[in-house]
Amino acid sequence: MAVNRKLGHIEQTMEILNHRAKTWNLVTISRIKGTIEDTVLKQSLEMIQSRHPALNYHIINFRNSYYFQSAGTGKLPFQLVNIVDIHEWEEVVNAEMNQVIDSSKYLMRVVLVKVENQENINYLITTTHHAITDGLSSIQLHSEILTYCHKITAGESIKAVTKLEALPPIEKLLPAWTNSFQGKIGRIYLLLKIAFKKYWNQPKTLPVEKYVPISQRRCEIIHRQLNQKSTQQFIQQCKQENTTVQSALCAALLLTVSRQLIKSTENNIQVSCLSYLDLRRRLQPAISEENMTVLAGSLMGFYKITNNISIWELARQVQDTLTRQIKQGEIFQMISLAKQLIDFSLLFPNQVSATVSVSNVGKVKIPHQYGELEIEEISFAGSHALSAGMFIVHAATFQEKMNLNFVFSQPSLQRKTMENIVDHCISYIREISFPYLITGGT
């Protein structure tokens, strides 16, 4: 039996979630203008599977441990779906988010959605096991798929596909100090600090409408997009206010939830924010986005929302907290703490991990044109059925437009409730992006 390697701690955690959290995968969606033949797409998928070691793996349980194994892995599953209404692509995504990946056979599947009566509009949807990908590498993969589609259609001779080297477990890519005695003591301290702050602050979350066992939960997305003008104005306001888009998104979500919760008799409420940040550029040497693996670190922050706090004041608080946590190395330590935190969530499934969760990959740096094919939009979302009561967004900016996928767990939060909250959040972002319209300026 050809066993490639044992899964690292974070990879094992993702596999445990894949089995016990209903689903815990990464779904990436690109809207493509042009004609895509399914036979051409299948050939392209064979090439990217040959190129990426992670796509040749499946996972086995051997002697009570999980291993990646390549022998016996088949072709990536492919499905062609035809829809009548262009908005039905969201229903396909929702179905994909709630369909478990059979990791004993494959770690990614692909759906091509074609719109009837609009032959030049397609949606490419990939659903990938979170042990082998993050937002950046999943978006890069779509670019590679379309690159091969263009080459095949153009009749270019592709003699050999450049194969990437297999990466070691994520923990071995982290700075050496994380595995030292001091690093291990630091992790224990960090875990106790998070537990203490959560207990002491008792952060508020969206009220859960109905609790059900994890096996009965499902998740859905609500997709929204800021146009070019709103996106650029939002980014410009962040620069003027000396903060980042990540921090401003965190503040916008936190204040949206706070507006739902704070009572007229209350002066403040406690909230928490889970931020996901790119680790690739923080490693030495840096890991390219074309290497499929999960290299997004999470950081937890706790904040007090007062009646008169401005979004920019809160955004700067978030930014200061993230800067301090990164400087102290917590962004690396959280990788090793992921299993303990997830074990807690599975043990107490009615406990909400955080008030909000924000994952923003920023400006997507892939081409939009691939011969006659053009990516018009690209975005991603995690399938977080486990996360009852949490307000979650996945953001990506492409072609000067910000795509926002809000994810929520049902039936803890009903779609009508979430659509109302999301609309408030989008209105809030637009409101702060154009302050001169509020103040009466020109």
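Note: the structure precedes this text.
Residues numbered from 1 in each chain as written. Predicted model: local features only at pLDDT ≥ 70, side-chain atom pairs only at ≥ 80, totals over all residues. Heavy atoms only, no water.

> What exactly am I supposed to notice about the overall build of the chain here?
When helices and strands are tallied, the chain shows 11 helices and 15 strands. Projecting the C-alpha coordinates of the chain onto the three principal axes gives extents of approximately 70 × 60 × 40 Å. Sorting the 442 residues of the chain into buried and exposed places 57% on the buried side. Of the contacts made within the chain by residues no fewer than 6 positions apart, 80% connect residues no fewer than 24 positions apart. (Helix = DSSP H or I, 4+ residues; strand = E, 2+ residues; numbered from the N terminus. Buried < 20%, exposed > 50% of the residue type's maximum accessible area, 1.4 Å probe, protein only. Contact = heavy atoms within 4.5 Å.)

> Is there a simple way to explain the packing of helix H6 (residues 228–240) against helix H10 (residues 415–433) in this structure?
How two helices pack is summed up by the angle between their axes together with the distance between the axes. It is the contact of H6 with H10, at a shortest axis distance of 8 Å, that shows an interaxial angle of 65°. The two elements H6 and H10 meet at a crossing, and its hand is left-handed. Taking contact as the criterion, the partners of Ser230, Gln233, Phe234 and Gln237 in H6 are, on H10, Ile429, Arg430, Ile432 and Ser433. Of the residues belonging to the contact of H6 with H10, the class tally is three nonpolar, four polar and one charged. (Axes fitted to C-alpha atoms, helices over the stretch in contact; angles between N-to-C directions. Left-handed = near helix turned anticlockwise from the far one by under 90°. Nonpolar A, V, L, I, M, F, W, Y, C, P; charged D, E, K, R; others polar.)

> Even after reading the chapter, I still don't get helix H2 (residues 38–51), so can you show me in this structure?
Since the α-helix turns once every 3.6 residues, residues separated by three or four places project in the same direction. Along its 14 residues, H2 runs 20 Å from first to last C-alpha, staying within 8% of the 20 Å computed at 1.5 Å per residue. Turning to H2, its buried residues are Val40, Leu41, Ser44, Leu45, Met47, Ile48, Gln49 and Arg51. Lining the buried residues of H2 we find strand E5 (78–83), strand E6 (108–115), strand E7 (118–129) and helix H4 (135–153). (Expected span 1.5 Å × (residues − 1).)

> Can you help me understand the sheet that holds E7 in this one?
Sheets are built from strands paired through backbone hydrogen bonds, the pairs being either parallel or antiparallel. The mixed open sheet is built from six strands, whose spatial order is E5-E6-E7-E2-E13-E12. Each edge of the open sheet is held by one strand with a lone partner, namely E5 and strand E12 (369–370). Of the strand pairs in this sheet, E5 and E6 are connected by six bridges, and their pairing is parallel. Opposite Phe78, over in E6, you have Val110 as the bridge partner. Sheet strands in contact with helix H3 (residues 89–97) are strand E2 (25–33), E5, E6, E7 and strand E13 (373–382), and its direction is about 15° off that of E7. (Pairing = 2+ DSSP bridges.)

> Just to check I follow, could you spell out the nonpolar core for this structure?
A general tendency of soluble globular proteins is for nonpolar side chains to be buried together. Ranked by internal contacts, the top residues of the largest apolar core, which has 117 residues, are Ile48, Phe234, Leu249, Leu314, Phe391, Leu404 and Phe406. Here this core gets 11 residues from one element, more than from any other, and that element is helix H7 (residues 245–261). Every residue in contact with Leu404, bar those within four places of it in the chain, is listed here: Ile222, His223, Arg224, Leu226, Leu249, Val393, His394, Ala395 and Ile426. (Core = buried A, V, L, I, M, F, W, Y, C linked by side-chain atoms within 4.5 Å.)

> Explain the pairing of strand E9 (residues 268–278) here, please?
Here E9 lies mainly inside the structure; nine of its 11 residues are buried. Sheet topology places E9 next to strand E10 (residues 296–306); 11 bridges connect them, and they run antiparallel. The partner of Val271 across the bridge, within E10, is Tyr303. In the sheet, E9 pairs with strand E11 (residues 356–363) via four bridges, with the strands oriented parallel. In the sheet register, Tyr276 faces E11, and the bridge partner there is Ser359.

> Before we go on, may I ask you to explain the state of the cysteines in this structure?
The bond known as a disulfide is covalent and runs between the sulfur atoms of two cysteines. Here the structure, examined in full by the defined rule, presents zero disulfides. No disulfide involves Cys238; its sulfur sits 11 Å from the nearest other cysteine sulfur, which is in Cys250. (Disulfide = S-S within 2.5 Å.)

> What is the right way to read the packing of aromatic side chains from this model?
Centre-to-centre distance and the angle between the planes together describe a pair of aromatic rings. Inspection of every chain in the model, using the stated rule, returns six aromatic pairs. Measuring from centroid to centroid gives 4.8 Å for Tyr57 and Phe68, while their planes differ by 15°, and the two rings are stacked. Separated by 11 residues along the polypeptide, Tyr57 in the loop between H2 and strand E3 (58–62) and Phe68 in strand E4 (residues 65–69) bring together distant segments of the chain. For the pair Tyr57 and Phe68, a shared accessibility class is recorded, and that class is buried. Pairing Trp89 with Tyr123 gives two aromatic rings, centres 5.3 Å apart and planes at 15°, and the pair type is stacked. A residue pair is termed long-range when its members are at least 10 positions apart, and Trp89 in helix H3 and Tyr123 in strand E7 qualify at 34 residues. Side by side, Trp89 and Tyr123 carry an identical accessibility label, which is buried. (Phe/Tyr/Trp six-rings, centres within 6.5 Å; stacked < 30°, edge-to-face > 60°.)

> It is not clear to me how the sheet that holds strand E14 (residues 391–398) should be interpreted in this structure. Could you clarify?
Read from one edge to the other, the open sheet built from six strands follows the order E8-E15-E14-E11-E9-E10, with strand pairing classed as mixed. Each edge of the open sheet is held by one strand with a lone partner, namely strand E8 (218–226) and E10. This sheet shows a mean twist of 20° between the axes of neighbouring strands, independent of strand direction.

> In this structure, what is going on with helix H9 (residues 330–347)? I would like to understand it.
Relative to the 26 Å expected for 18 residues at 1.5 Å per residue, H9 spans 24 Å between its end C-alpha atoms, a close match to the ideal helical length. At Leu337, H9 is bent by approximately 55°, the largest bend along its length. Buried within H9 we find Glu330, Ile331, Phe332, Gln333, Met334, Ile335, Ser336, Leu337, Ala338, Ile342, Ser345 and Leu346. In this structure, the buried side of H9 is in contact with helix H1 (9–20), helix H5 (181–201), E9, E10 and helix H8 (311–327). (Bend = angle between axes of the 7 residues up to and from the residue.)

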